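The lines below spell out each chain.
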Amino acid sequence: MNRLLYLLLLLLLLFIQVPFILAFSEAESNSPQPHAAESFNITYIQNAASCSYTVVISTSCSSVRYTRDQISIAFGDGYGNQIYAPGLEDPSRGTFERCSSDTFQISGPCAYQICYFYLYRTGPDGWKPDSVSIYGYNSSPVSFYYNLFVPDNSWYGFNYC
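Quantities reported herein were computed from a predicted structural model and do not represent experimental measurements. (Residues numbered from 1 in each chain as written. Predicted model: local features only at pLDDT ≥ 70, side-chain atom pairs only at ≥ 80, totals over all residues. Heavy atoms only, no water.)

(A) How the structure looks around the pairing of strand β3 (residues 70-76). Buried residues dominate β3, accounting for six of its seven residues. Of the pairings in the sheet, the one linking β3 to strand β6 (residues 116-122) comprises seven bridges and is antiparallel in character. Following the sheet pairing, F75 is matched in β6 by F117. Across four bridges, β3 lies against strand β4 (residues 82-85) in antiparallel orientation. Across the sheet, residue F75 finds its bridge partner in β4, namely I83. Linkage of β3 to β4, two consecutive antiparallel strands, is achieved through a turn of five residues, within which G80 is found at a positive phi near 90°. (Buried < 20%, exposed > 50% of the residue type's maximum accessible area, 1.4 Å probe, protein only. Helix = DSSP H or I, 4+ residues; strand = E, 2+ residues; numbered from the N terminus. Pairing = 2+ DSSP bridges.)

Pasting the structure below:
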């Protein structure tokens, strides 16, 4: 009798866990991936500089050892407030080296909740960011996860607006 009860409990546990395992694996496989922004245009970016943002960019441990590529970023909210920071690379300071994080203080228009982020890379070395986190006055911190090499000469990232 105890053995039968034990087997029934084991089967019950199995039936309870299977939906959770399937839901977790499905959610993980559907995680958003960065994409090329074909209609993104930096000429529409406002030039006001009244708010400060802290941007932390982590480079993947599977990236090239260092990059001499030019790296620019653009991010903003759903209300047209856009922040653009060109030329963040500085090989003499060791920016964007493998397994490292770089922190930038960037000024730009005051945005609400940041909902998009794009990287632009141009150069011969290649570069694989791991993640980007943005901290601003009017918005909750937000992170974008890459872990992919950024294509050359293309705005590449996320738009959740």
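(B) Main features of the state of the cysteines. According to the stated counting rule, one finds three disulfides in the structure shown. The residue that forms a disulfide with C51 is C110, at a sulfur-sulfur distance of 1.8 Å. Between C51 and C110 the disulfide shows an S-S torsion of about 90°. By sign, it is right-handed. In this pair, C51 is assigned in strand β2 (residues 51-59) and C110 in the loop between β5 (101-108) and β6, connecting sequence segments 59 residues apart. We classify C51 as buried; its relative accessible area is 12%. The class for C110 is partly exposed, based on a relative accessible area of 28%. Here C115 pairs with C161 through a disulfide, and the sulfurs are 1.8 Å apart. Disulfide C115-C161: torsion about the S-S bond near 85°, hence right-handed. Of the two residues, C115 sits in the loop between β5 and β6 while C161 sits in the segment after β9 (155-159), which places them 46 residues apart along the sequence. In the protein, the bonded cysteines, taken in the order they occur along the sequence, pair up as 1-4, 2-3, 5-6. (Disulfide = S-S within 2.5 Å.)

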